[in-house]
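Fold and contact review
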Amino acid sequence: MHVCVSVKYTPPYIQHLEVYPRGLSNMRNLQYMSRLLYRSFSTTGNNFVKNKVPQNQKIFQEDNGIPVHIKGGTVDVLLYRFTMAITVAGTGFSLYWLLIASLPKKN
């Protein structure tokens with residue numbers, strides 16, 4: 001049985017010195033890596049962004065006759081028109097190939 005002594009650089013609150021069989025070393029590394037990744041990507045301590053939900057609620061709930069899918073401004077209008085253009089073009093393309101497939105080939 002091989003024994004591996006591992007001293008890893010980790011933050012002071014997780015420093016450890018362990019002696020364990022070599023087969024378990026990868027599992028232990030995965031456990032510690034997942035813990036470190038979870039802490040580094042956790043959103044609880046990163047509340048530096050201002051909450052814009054109340055402002056957006058005012059914009060989107062306002063009764064001004066504009067459909068809700070374009071109330072976000074110019075970007076929403078461009079995305080809506082681009083999506084509709086792709087939809088119409090895709091439908092036309094599908095109908096064209098359906099027509100071509102339904103006509104018999106001339107020999």
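Quantities reported herein were computed from a predicted structural model and do not represent experimental measurements. Chains are numbered independently. Their residues run from 1 in the order of the written sequence. For this predicted model, a pLDDT threshold of at least 70 governs which residues receive local features, and a threshold of 80 or more governs which side-chain atom pairs are given and counted, while totals over whole chains, interfaces and linings are taken from all residues. Where side-chain values are given, they derive from all heavy atoms of the structure, hydrogens and water being excluded.

1. Regarding the overall build of the protein
- Only DSSP runs of H or I covering at least 4 residues are called helices, and only runs of E covering at least 2 are called strands; the numbering of each starts at the N terminus. Across its full length, the protein holds 3 helices and 2 strands.
- Mapped in sequence order, the helices and strands of the protein form the string β-β-α-α-α.
- The classification of residues rests on relative accessible area computed with a 1.4 Å probe and restricted to protein chains. Under 20% of the type maximum is buried, over 50% is exposed, and intermediate values are partly exposed. When burial is assessed residue by residue, the protein has 10% of its 107 residues classed as buried.
- By the convention used here, residues are in contact when the closest approach between their heavy atoms is within 4.5 Å. For the protein, the proportion of contacts with a sequence separation of at least 24, taken over those separated by at least 6, is 10%.
- Per-residue and other accessible areas were derived by the Shrake-Rupley procedure at a 1.4 Å probe size, with only the shown protein chains allowed to occlude residues. For the protein, the exposed area adds up to about 9,800 Å²; of that, 64% sits on carbon and sulfur atoms.

2. Some words on the confidence of the model for the protein
- pLDDT gives the predictor's per-residue confidence on a scale running from 0 to 100. Summing up the model confidence of the protein, the mean pLDDT is 77 and the portion of residues at 70 or higher is 64%.
- Across the protein, the element-wise mean pLDDT spans from 51 in strand β2 (residues 17–21) up to 96 in helix α3 (residues 74–102).

3. Considerations on the packing of aromatic side chains
- A pair of Phe, Tyr and Trp rings is counted when the ring centres sit within 6.5 Å of each other, with Trp represented by its six-membered ring. The angle between the planes then sorts it: under 30 degrees is stacked, over 60 is edge-to-face, the rest tilted. Applying the stated criterion across every chain, the model contains 2 aromatic pairs.
- Seen in terms of ring centroids, F93 and W97 are 6.2 Å apart; in terms of plane orientation they differ by 80°. Their pairing is edge-to-face. With F93 and W97 both in helix α3, this residue pair falls 4 residues apart, about one helical turn.
- Arranged with centres 5.2 Å apart and planes meeting at 75°, the rings of Y96 and W97 form a pair that is edge-to-face.

4. Some details on the environment of Q61
- Examined against the element boundaries, Q61 turns out to sit in helix α2 (residues 53–61).
- Taking the C-alpha atoms as reference points, Q61 and K71, 10 residues apart in sequence, are found 9.4 Å from one another.

5. Looking at a nonpolar patch on the surface
- Nonpolar side chains (Val, Leu, Ile, Met, Phe, Trp, Tyr) are joined into patches within 5 Å and like charges within 9 Å, using only residues with over 30% relative accessible area and no salt bridge. Take a side-chain nitrogen of Lys or Arg and a carboxyl oxygen of Asp or Glu: if they are within 4 Å of each other, that pair is a salt bridge. Where nonpolar side chains cluster on the molecular surface, the patch consists of F93, Y96, W97 and I100 and spans about 450 Å² of accessible area.
- Exposure remark for W97: the relative accessible area of 46% places this residue in the partly exposed category.

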